[in-house]
Amino acid sequence: MSVDLEVNGKHISLLVDPSTPLLWVLREELGLTGTKFGCGAAQCGACTVHVDGVAVRSCVLPASSVAGKRITTIEGLASEVANPLVRAWIEKDVPQCGYCQCGQIMSAAVLLAERTDPSDEEIDACMAGNVCRCATYVRIRSAIHHAAALKRGGK
Amino acid sequence: MSRPSTFERRAFLKASAALGGGLLIAIHMPSRAAASASAANFAPNAFLRLASSGKITVMINKAEMGQGVATSLSMLVAEEFDADWKDVGFEFAPVDAAYNHPGMPMQFTGGSMSVMAMSEPLKKAGAMGRAMIVTAAAERWNVPPEECATSESVVTHARTGKRATYGELASAAALLTPPAEPKLKDPATYKLLGKSTRRLDTPDKVTGKAIFSIDVSRPGMLTALVAHPPVFGGKAKKWNEAAALAIPGVRKVFAIPSGIAVVAERFWAAKRGRDVLAVEWDDGENAGISSERLHKQYRELSRTTGLVARKDGDAPAAIASAAKTISADYELPYLAHAPMEPLNCVVDLRKDACEIWVGSQFQTIDRATAAGHAGLAPEQVDLHTTFMGGGFGRRANPASDYIAEAVEIAKQAGGCIKLIWTRDDDMRGGYYRPLWHSRLAATLGANGLPEAWTHTIVGQSILAGTAFEAFFVKDGIDETSTEGAADLPYSIPNVQVDLHTTKVGVPTLWWRSVGHSHTAFVVESFLDELAHEAKLDPMELRRKLLADKPRHLGALETAWKAASKHPLAPGRARGVAVHFSFNSYVAHVIEASMQNGRPRVHRAVCAIDCGRVVNPDTVVAQLEGAVGFALTAALYGQITLENGRVQQSNFHDYRMLRIHEMPEVEVRIVESQEPSTGVGEPGVPTVAPALCNALFQLTGKRVRSLPIRPEDLKA
């Protein structure tokens, strides 16, 4: 079946099995491989993208359910000039293996859209769905605080 | 599941014997031009590339799985090359003897040895390049080379005021003969080494540009999933090929030695095809395996003495004749590595050649194994090392399991395939940290100090039957089973450590910190038991027994001092542990409390003595991460088997520590001018015992099996 999507600002029409999770449409049909496969069961958050501004687990979301919706992936978010999260992640040197980090940033982006100065508790609540096997959590937390400060400072 | 590696063991042994186990400084060109050679105008050795544009590329012969090795190895070259760090980038090296681990006839990443082993060769590689650039400048200006200075990729000559960039000199330098023994810098003059430096791979990893093998795409590539037997060694009897082929996009379904492969145009079709295969399995001889039964059998075996790995004095006699002995049993489960990127591999197999893209810690062995399965010579196989989404030892398998499987699929599918293991495949695919049992006994002298210590270890050998057996299994004892126990650092007059090696049909493998992942927990917990029995402060007992171990003590006192700066809140306690592994000394002080009947970890203070440090921030990052990795195992980690079947399948039942459970971490690096030693693994072993020692103070309950069960901590 044909599914119409808006991905990173571009309108796309695709012929796919409608049960295909959005993750695989992004990765295999559109070559947007920054969104990762980690568990296939919405347990780890490596596949986090935004659908109409909401962070979702794309590994369990059938493509048919997002027809006509606005999807943002890490490639879209990172293309924003000097995105404060991307900057903060670099300045705090957060990643180790790096596999989960795009998903972490996508989750954090939603938090920063809602809170100008999130507390540790708010960060925990928002980020608990994203697993990092290298356990870079200390730096993820510090990078989110840093990104919020960059954003508040208009930098 | 396990198949014999086609890696040529005899050649491996012969080559290793010839090298005498010493360090081979391999600074020569690879036999085949490395991938980037064409873009470089100056390539004085296997590791350094310089283009006329000034761009410097360091060839990385180690796997970057998060430990920061691409950056630290680049720093080693850049320092001696006197490079402008802004010009420096890296590439993963192809498989070639020039990139072998020093002293070993193969390219691999493990044992926390990358910086330890590569420091000298890479410094020499950089210094060689610098000497040639300087000679090129001196010849051009007709001045003595000794009068030329270098800094940030520029050569200058003070007397004449001449100046040239490295890029401008690249082509001239390329015509010179490399010096055999270039002069190295005085470490006091280092500009880069020892200073926290941002990782080179971070920008690509936070923008989605970094390519892991799962991201590789090739023209005409198909995706394969495999239905694996639910019991290790099981064989498929019957399956519904037609049902799978009826799924649109499924191209082929066939049996391979490790299961039934479904090859499709896309992942989702392969997954749907696999879901309807309805395979009937012949479970084979491992259908009776149960973790519970293994624990019982191991416990019984631990009542007898195994092969003796360490014997000082006569500990069994001292214990037999003592009025009072303290004894305990410790149990640890199988553990999965569970890297975030599930195992996968891309194979493009043609008639006379094969290209492989894989996140591999074991390039030489993996290439040889792939070649064996493909019916090609290793030189006909091009193996491209990609970033890897975590390794922790799983991507260093002497059996090359998922790589061999991918080649088997490509053979029947024809052309290019990407094999993807789902999380369930990964969790149930074996090659676990072994299940262990330890039985300990000790007696105390009148002064409260231990007089005798016996430790019987029971578990599977990781290395028996692999190419590594000849190196690490001596007189029947796999060193990786007893490491951290046989080298007990404490001053005790009578010590005996012995080992029973079991054979179980569950494939095992090294898991971040290997044997130390069980021995440090057991030794550091039991020592704490002895301290409480003797009514001695656990820190005080360690100080007394480590009086002649300055580096253990250095780490311990550093961590304790840093931890003591934080006043202990009511309801909290501190536990301590110290351990030597991968040639580094690490101590943890863990501050914990009980909240709603469950352990809560508030702060982990860690001190490491790992000799001279290349990139301090990487050391800090590795130790921060090690706390979370080790807490995951201590609080949640267990793979259990019943009826030969692994019970866990995904992160809902093999839980990972999450951000709200992560404690504050404080890392102290002990100043040292000793040679650089391991960093990636040594942060793991002491976390669990330090935590459990804190929990004992809080609850009076001794945790003797992991993961920690909150019900065992109830009063």
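Since the model is a prediction, treat every value here as computed from it, not as a measurement.

Thresholds applied
Residues numbered from 1 in each chain as written. Chains lettered and ligands numbered in written order. Predicted model: local features only at pLDDT ≥ 70, side-chain atom pairs only at ≥ 80, totals over all residues. Helix = DSSP H or I, 4+ residues; strand = E, 2+ residues; numbered from the N terminus. Rg over C-alpha atoms; globule rule 2.2 N^0.38 Å. Contact = placed C-beta atoms within 7 Å. Buried ≥ 20, exposed ≤ 12 C-beta atoms within 10 Å, placed from the backbone. Pairing = 2+ DSSP bridges. Axes fitted to C-alpha atoms, helices over the stretch in contact; angles between N-to-C directions. Expected span 1.5 Å × (residues − 1). Nonpolar A, V, L, I, M, F, W, Y, C, P; charged D, E, K, R; others polar. Parallel < 35°, antiparallel > 145°, perpendicular 65-115°, else oblique. Left-handed = near helix turned anticlockwise from the far one by under 90°. pLDDT = per-residue confidence, 0-100. Arc of directions from axis to C-beta.

Thoughts on the overall build of chain B
Okay, step 1: The helix and strand tally for chain B stands at 19 helices and 28 strands.
Okay, step 2: For 715 residues, the compact-globule estimate of 2.2 N^0.38 gives 27 Å, and the C-alpha radius of gyration of chain B, at 27 Å, lies within 12% of that figure.
Okay, step 3: Across its three principal axes, chain B shows a C-alpha extent of roughly 85 × 70 × 50 Å.
Okay, step 4: In chain B, the proportion of contacts linking residues at least 24 apart, taken out of those at least 6 apart, comes to 77%.

Examining the overall build of chain A
Okay, step 1: Per the secondary structure count, chain A includes 6 helices and 5 strands.
Okay, step 2: Ordered by position from the N terminus, the helices and strands of chain A form the series β-β-α-β-β-β-α-α-α-α-α.
Okay, step 3: Its C-alpha atoms give chain A a radius of gyration of 15 Å, near enough to 15 Å, the size a compact globule of 155 residues would have.
Okay, step 4: With the C-alpha coordinates of chain A rotated into their principal frame, the extents come out at 45 × 30 × 25 Å.
Okay, step 5: Looking at chain A residue by residue over its 155 residues, the buried ones come to 59%.
Okay, step 6: Considering only contacts in chain A between residues 6 or more positions apart, those separated by 24 or more positions represent 60%.

Points about the sheet that holds strand β17 (residues 415–420) of chain B
Residue and element names in this part refer to chain B.
Okay, step 1: Strand order in the open sheet formed by 7 strands is β9-β10-β7-β17-β14-β15-β16, with mixed pairing between adjacent strands. Whereas interior strands pair on both sides, the edge strands pair on one side only; in this sheet they are β9 (250–256) and β16 (381–385). Going from strand to strand, the sheet's axes swing by 20° on average, the running direction of each strand aside.
Okay, step 2: The sheet contact formed by strand β7 (residues 222–227) and strand β10 (residues 259–264) spans 5 bridges and is antiparallel. From the neighbouring strand, threonine 223 faces β10, where its bridge partner is alanine 264.
Okay, step 3: Each of β14 (344–349), β15 (354–358) and β16 touches helix α10 (residues 363–374); the most contacted strand, β16, lies at about 140° to it.

Quick word on the pairing of strand β1 (residues 2–7) of chain A
Residues and elements named next belong to chain A.
Okay, step 1: Residues of β1 alternate between two faces, with Val3, Leu5 and Val7 buried on one and Ser2, Asp4 and Glu6 left unburied on the opposite face.
Okay, step 2: Note that β1 and strand β2 (residues 10–15) share 6 bridges and pair antiparallel. Residue pairing in the sheet places valine 7 in a bridge with lysine 10 of β2.
Okay, step 3: The antiparallel hairpin formed by β1 and β2 contains 2 residues in its connecting segment, where asparagine 8 sits at a positive phi of about 50°.

Remarks on α10 of chain B
Because each turn of an α-helix spans 3.6 residues, side chains separated by three or four positions end up pointing in the same direction.
Residue and element names in this part refer to chain B.
Okay, step 1: Taking 1.5 Å per residue as the helical rise, α10 with its 12 residues ought to reach 16 Å, and the 16 Å between its terminal C-alpha atoms agrees with that figure.
Okay, step 2: Within the span of α10, buried status applies to Gln363, Thr364, Ile365, Asp366, Arg367, Ala368, Thr369, Ala370, Ala371, Gly372, His373 and Ala374.
Okay, step 3: Downstream of α10 by one or two residues, glycine 375 has phi in the positive range, about 75°.

A few points about unusual backbone geometry
Residues and elements named next belong to chain B.
Okay, step 1: With omega at 0°, the peptide bond leading from leucine 706 into proline 707 counts as cis.
Okay, step 2: Of note, aspartate 475 is a non-glycine position whose phi angle comes to about 50°, a positive value.
Okay, step 3: Residue position: aspartate 475 is located in the loop between β20 (473–474) and β21 (477–478).
Okay, step 4: A count of 7 C-beta atoms within 10 Å places aspartate 475 in the exposed class.
Okay, step 5: Backbone geometry at asparagine 643 places phi at a positive 50°, although glycine is not the residue there.

Quick notes on the interface of chain B and chain A
Okay, step 1: Contact residues are listed per partner, giving 48 residues for chain B and 44 residues for chain A.
Okay, step 2: Put simply, the parts of the chain that give the side of chain B that touches chain A at least two residues each are α5 (202–205), α7 (267–275) and α18 (616–635) of chain B.
Okay, step 3: If you tally residues by element for the side of chain B that touches chain A, the top one is α18 of chain B, at 7 residues.
Okay, step 4: Of the residues assigned to the side of chain B that touches chain A, the class counts are 24 nonpolar, 13 polar and 11 charged.

With respect to the packing of helix α3 (residues 84–91) of chain A against helix α4 (residues 101–114) of chain A
All names here are of chain A.
Okay, step 1: One way to put it is that α3 packs onto α4 with a least axis distance of 10 Å and a crossing angle of 130°. Considering the angle they form, α3 stands oblique to α4. The hand of the α3/α4 crossing is right-handed. Every residue of α4 that contacts α3 at Leu85, Val86 and Trp89 is listed here: Gln101, Ile105, Ala108, Ala109 and Leu112.
Okay, step 2: Classifying every residue of the contact of α3 with α4 by side-chain character gives 7 nonpolar, 1 polar and no charged.

Some remarks on the sheet that holds strand β4 (residues 54–57) of chain A
All names here are of chain A.
Okay, step 1: Strand order in the open sheet formed by 5 strands is β2-β1-β5-β3-β4, with mixed pairing between adjacent strands. Two strands bound the open sheet, and with one partner strand each, they are β2 and β4. Strand after strand, the sheet turns through a mean of 40° between neighbouring axes, direction not considered.
Okay, step 2: Alignment of strand β3 (residues 48–51) against β4, held across 4 bridges, turns out to be antiparallel. Each residue of the ladder has a partner; that of valine 51, found in β4, is valine 54.

Side note on the confidence of the model for chain B
Residue and element names in this part refer to chain B.
Okay, step 1: For chain B, mean pLDDT is 94; residues scoring 70 or higher make up 95% of the total.
Okay, step 2: Across residues 1–26, where pLDDT falls below 50, the model places 51 contacts with residues more than four positions away in sequence or in other chains.
Okay, step 3: Counting interchain partners and residues more than four positions distant, the pLDDT-below-50 stretch residues 32–38 has 10 contacts.
Okay, step 4: Both scores are given for the predicted complex: the pTM is 0.95, the ipTM 0.98.

What to know about the environment of aspartate 548 of chain B
Okay, step 1: Checked against the element boundaries, aspartate 548 of chain B lands in the loop between α16 (538–545) and α17 (550–564).
Okay, step 2: Linking aspartate 548 of chain B and serine 491 of chain B, residues 57 residues apart in sequence, is a C-alpha distance of 8.2 Å.

Side note on the pairing of strand β4 (residues 148–151) of chain B
Residue and element names in this part refer to chain B.
Okay, step 1: Where β4 lies against strand β5 (residues 154–157), 4 bridges are found, and the strand directions are antiparallel. By the bridge assignment, alanine 149 is partnered in β5 with threonine 156.
Okay, step 2: Hairpin geometry of β4 and β5 is characterised by an intervening segment of 2 residues between the two adjacent antiparallel strands and by a positive phi of about 45° at glutamate 152.

Some points on α16 of chain B
Residues and elements named next belong to chain B.
Okay, step 1: Looking at α16, one finds that the buried residues are Pro538, Leu541, Arg542 and Leu545. Buried residues along α16 cover an arc of 100° about the axis, so they all sit on one side.
Okay, step 2: Tucked inside the fold, the buried residues of α16 contact α15 (516–533), α17, β23 (572–581) and α19 (687–699).

Focus: the environment of leucine 556 of chain B
Residues and elements named next belong to chain B.
Okay, step 1: For leucine 556, the location among the structural elements is in helix α17.
Okay, step 2: The class for leucine 556 is buried, based on 26 C-beta atoms found within 10 Å.
Okay, step 3: For the pair leucine 556 and glycine 700, spaced 144 residues apart in sequence, the C-alpha to C-alpha distance is 24 Å.
Okay, step 4: Not counting the four nearest positions on each side in its chain, leucine 556 is found in contact with Arg542, Val578 and Ala587.

Observations regarding the environment of alanine 136 of chain B
All names here are of chain B.
Okay, step 1: Looking at the element boundaries, alanine 136 is found in helix α3 (residues 114–141).
Okay, step 2: Spatially, the C-alpha atom of alanine 136 lies 59 Å from that of lysine 252, the residues being 116 residues apart in sequence.
Okay, step 3: Dropping the residues within four chain positions of it, alanine 136 is found in contact with Leu169, Ala172, Ala173 and Leu176.

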